[in-house]
Amino acid sequence: MRLSALLAASLLLLAISVEALAASEVRGVRLWRAPDNTRLVFDLSGPVQHNLFILSSPDRIVVDIQGASLATAFDQLNLANTPITSVRSAQRSAQELRLVLDLSAAVTPKSFTLAPNQQYGNRLVIDLFDADEASTAVASQPAIPVKQSVIQVEPPVPVLPSLPASGRRDVVIAIDAGHGGEDPGALGPKGAREKHVVLAIAKELQRQLNAEKGFRAELVRTGDYFIPLRRRTEIARKKGADLFVSIHADAAPRASAFGASVYALSDRGATSETARWLANSENQSDLIGGTGNVSLDDKDPMLAGVLLDLSMTASMSSSLNVGQKVLSNMGRVTPLHKKRVEQAGFMVLKSPDIPSILVETGFISNPNESGKLATKSHQQALARSITGGIRQFFQQNPPPGTYLASQRESGKTPQGPREHVVSSGESLSMIAVRYRISLASLRSANSLRSDTVKVGQVLNIPATTLAATP
Ligand SMILES: [Zn+2]
């Protein structure tokens with residue numbers, strides 16, 4: 001009697017724990033193909049634990065998910081251009097679901113789970129990284145008998161920027177279409193998605209910039225897939241970018257909010273923001289790819305992340321300068337949200353190298369603007385205005401060794417005064433020293449009565465007599 005009561009109680013406990021374990025359902029699957037990896041995202045009704053292991057001949061990946069049952073089918077999944085040939089499943093027990101990914105080639109997998117966020121519930125993410133072509137090439141080289149004990153290792157051949165016929169390099173613009181893949185970015189009232197709109201604008205911007213002599217534009221994201229934020233600036237750096245332009249579209253709780261804006265980074269208040277960001281990233285498991293997509297309270301999480309990234313690399317004065325030119329050109333084709341380049345309070349964490357701006361092309365949450373942003377003609381107009389701002393900036397400030405620099409040296413570009421946008425911590429005398437001009441000439445070129453300058457103020461830099469001599 002007593003024993004059977006105990007048994008009944010423990011059976012009940014067992015039943016509860018089984019139920020708790022098997023409570024999660026795999027309700028859907030999404031797949032994204034990037035140039036060098038494939039991402040599978042399983043949407044779950046609750047948290048799960050999982051184990052992943054690799055089997056070879058034939059290559060396949062097995063994922064055992066504890067506490068899950070299958071409530072979806074995989075036959076609708078488009079596996080074209082991926083190394084996955086099929087996805088199979090088996091319910092091994094009430095508590096364990098096994099998924100098998102059959103592969104056409106070996107891959108390096110990485111898997112992790114994500115807690116719910118505003119857009120999605122619990123997720124299991126499986127990233128399959130393609131075999132590194134470089135290492136494959138090295139591995140497949142025939143073995144050469146080594147006669148000497150000292151092996152000379154040749155340094156890797158650097159990737160050289162393409163040189164136009166004049167022998168002067170192009171100015172390289174890295175265009176980063178925000179978001180992508182399972183991160184749709186902001187959503188419009190009629191279902192427009194930021195990730196699609198900004199990719200279309202980015203591609204149009206690339207086309208227009210490539211049509212400009214002396215410029216070469218490179219897309220950071222070429223399709224609908226996610227790239228961790230830090231990886232985006234890495235890609236820009238690898239491409240030898242002279243400027244990093246991140247393209248976004250805003251969303252606001254107020255549907256009436258409208259207008260374009262341009263962001264550069266402030267070098268003030270950064271430490272606390274970084275600390276906050278780090279604390280957030282520790283406290284939230286809402287990380288994708290082990291980096292970005294961390295919620296920063298009320299800010300666009302991607303935007304906050306990108307801004308932090310920009311803060312690592314931004315050349316402040318150049319960013320403000322090019323940002324202001326882009327903004328004033330955009331003001332001719334679309335209303336502006338703010339007339340000045342906005343600065344978020346993130347601190348520059350290391351020496352700036354690539355000037356970086358973030359362009360919010362408009363509010364996708366505004367029904368009127370959302371409609372415009374989706375049209376080809378408005379995308380072209382926006383791209384034209386951004387191109388105009390970038391062209392003006394680099395004609396006035398061509399990087400040494402570029403075609404544009406040679407044009408400026410030979411007087412073929414409109415000389416015009418150079419401009420400097422004051423960034424935080426700069427004084428008038430510092431700016432005079434930097435441009436090797438006298439404080440007096442700087443004062444008079446700008447009709448200044450005092451030496452007080454404000455952050456964001458645009459100063460004309462007069463040509464020096466030195467620069468005038470051949
Ligand atoms: Zn965005």
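Above this text you will find the structure in question.
Being a predicted model, the structure only gives us computed values, none of them experimental.

Colleague: What is the right way to look at the overall build of the protein in this model?
Modeller: A count of helical and extended segments in the protein gives 13 helices and 17 strands. Here the contacts in the protein between residues at least 6 apart in sequence split such that 70% fall between residues at least 24 apart. Accessible area for the protein stands at about 23,500 Å²; split by element, carbon and sulfur atoms hold 56% of it.

Colleague: Looking at this structure, I do not really get the pattern of salt bridges. What am I missing?
Modeller: Side-chain pairs of opposite charge can arise whenever the charged atoms involved come near each other. Per the stated rule, a full pass over the model turns up 17 salt bridges. With its nearest N and O atoms 2.4 Å apart, the salt bridge here joins arginine 216 to glutamate 218. A single salt-bridge network, built from bridges that share partners, covers Arg39, Asp127 and Glu182.

Colleague: Please clarify how the packing of helix α3 (residues 194–210) against helix α9 (residues 376–396) should be interpreted in this entry.
Modeller: A pair of packed helices is characterised by two quantities: the angle between their axes and the separation of those axes. Two numbers describe how α3 lies on α9: the axes approach to 9 Å, and their chain directions differ by 50 degrees. Taken together, the axes of α3 and α9 are oblique relative to one another. By crossing handedness, the relation of α3 to α9 is classed as right-handed. The segment α3 lies against α9, with Val197, Ala200, Ile201, Glu204, Leu205, Gln208 and Leu209 engaging Lys376, Gln379, Gln380, Leu382, Ala383, Arg384, Ile386, Thr387 and Ile390.

Colleague: Help me out: how do you make sense of the sheet that holds strand β9 (residues 123–130) in this one?
Modeller: As a general point, the strands of a sheet are linked pairwise by backbone hydrogen bonds and lie either parallel or antiparallel. Spatial ordering of the open sheet is given by β5-β1-β2-β9-β8, a layout of five strands whose pairing is mixed. Of all strands in the sheet, those bounded by a partner on one side alone are β5 (68–70) and β8 (107–114). Neighbour to neighbour, the strand axes of the sheet diverge by 30 degrees on average, direction disregarded. Judged from the seven bridges that link them, strand β2 (residues 37–44) and β9 form a sheet pairing that is antiparallel. Counted as the bridge partner of valine 41 is valine 125 from β9.

Colleague: What should I look at first to understand the coordination of the zinc ion in this one?
Modeller: Octahedral metal centres with six donors ideally show angles of 90 or 180 degrees, and tetrahedral centres with four donors ideally show 109.5 degrees. Protein-derived ligands of the zinc ion are His179 (NE2), Glu194 (OE) and His248 (ND1), with the metal-ligand distances lying across 2.1 to 2.2 Å. Coordination of the zinc ion draws on donor residues from a single chain, spaced H-x14-E-x53-H in sequence. On the criterion of sequence distance, the pair formed by histidine 179 in the loop between β10 (171–177) and α3 and glutamate 194 in helix α3 is long-range, its members being 15 residues apart. You can call histidine 179 buried: its relative accessible area is 1%.

Colleague: Which parts of the structure should I look at to understand the pairing of β10?
Modeller: Along any regular strand the residues' side chains alternate between the sheet's two faces. Most of β10 is tucked away: seven of the seven residues are buried. Bridging between β10 and strand β11 (residues 215–219) involves five bridges; their strand directions are parallel. The partner of isoleucine 175 across the bridge, within β11, is leucine 219. Relative to strand β12 (residues 243–250), β10 runs parallel, the two sharing five bridges. Bridge pairing in β12 places isoleucine 175 opposite valine 245.

Colleague: What's the story with the packing of helix α7 (residues 316–330) against α9 in this structure? I'm lost.
Modeller: Where α7 meets α9, the closest approach of the two axes is 8 Å, and the angle between their N-to-C directions is 140 degrees. When the interaxial angle is binned, α7 and α9 end up oblique. Two packed elements cross with a definite hand, and for α7 against α9 that hand is right-handed. Seen from α7, the contacting residues are Ser318, Asn321, Val322, Lys325, Val326, Asn329 and Met330; seen from α9, they are Leu382, Ser385, Ile386, Gly388, Gly389, Ile390, Gln392, Phe393 and Gln396.

Colleague: Honestly, the nonpolar core in this entry has me stumped. Any pointers?
Modeller: Inside soluble globular proteins, nonpolar side chains tend to come together where they are buried. Formed by 43 residues in total, the largest nonpolar core has its most connected members in Ile173 and Ile390. For this core, the leading source of residues is α3, giving seven residues. Non-local contacts of isoleucine 173, meaning those with residues more than four positions away in its chain, are made with Leu209, Phe215, Arg216, Ala217, Glu218, Leu243, Val245, Ile390 and Phe394. Counting residues in hydrophobic clusters, the runner-up holds 24 residues, among them Ile61, Leu101, Leu103 and Ile126.

Colleague: What exactly am I supposed to notice about the packing of aromatic side chains here?
Modeller: Each aromatic ring pair is specified by the distance between its two centres and by the angle formed by the two planes. Scanning the model with the defined rule gives three aromatic pairs in all. With a centroid separation of 4.9 Å and an interplanar angle of 80 degrees, the aromatic rings of phenylalanine 393 and phenylalanine 394 are classed as edge-to-face. Assessed through its relative accessible area of 4%, phenylalanine 393 is described here as buried. Residue classification places phenylalanine 394 among the buried positions, given a relative accessible area of 2%. In this structure an aromatic cluster arises from ring pairing among Phe215, Phe393 and Phe394. For the cation-ring pair, arginine 30 lies above tyrosine 120, with the distance from its terminal atom to the ring centre recorded as 4.0 Å.

Colleague: Sorry if this is basic, but what is going on with the sheet that holds strand β3 (residues 49–55) here?
Modeller: If you trace the four strands from one edge of the open sheet to the other, you get β3-β4-β7-β6, paired in antiparallel fashion. The two strands at the open ends of the sheet, each matched to only one other strand, are β3 and β6 (84–93). If you compare each strand with its neighbour and ignore which way they point, the axes differ by 15 degrees on average. Pairing geometry for strand β4 (residues 60–66) and strand β7 (residues 96–103), over seven bridges, is antiparallel. Opposite aspartate 64, over in β7, you have arginine 98 as the bridge partner.

Thresholds, definitions, all that
- Residues numbered from 1 in each chain as written.
- Predicted model: local features only at pLDDT ≥ 70, side-chain atom pairs only at ≥ 80, totals over all residues.
- Heavy atoms only, no water.
- Helix = DSSP H or I, 4+ residues; strand = E, 2+ residues; numbered from the N terminus.
- Contact = heavy atoms within 4.5 Å.
- Areas by Shrake-Rupley, 256 points an atom, 1.4 Å probe, with all protein chains shown as cover.
- Salt bridge = Lys/Arg side-chain N within 4 Å of Asp/Glu carboxyl O.
- Axes fitted to C-alpha atoms, helices over the stretch in contact; angles between N-to-C directions.
- Parallel < 35°, antiparallel > 145°, perpendicular 65-115°, else oblique.
- Left-handed = near helix turned anticlockwise from the far one by under 90°.
- Pairing = 2+ DSSP bridges.
- Donors = N, O, S within 2.8 Å, 3.2 Å for Na, K, Ca; no water.
- Buried < 20%, exposed > 50% of the residue type's maximum accessible area, 1.4 Å probe, protein only.
- Core = buried A, V, L, I, M, F, W, Y, C linked by side-chain atoms within 4.5 Å.
- Phe/Tyr/Trp six-rings, centres within 6.5 Å; stacked < 30°, edge-to-face > 60°.
- Lys NZ or Arg CZ within 6 Å of the ring centre and 35° of its normal.

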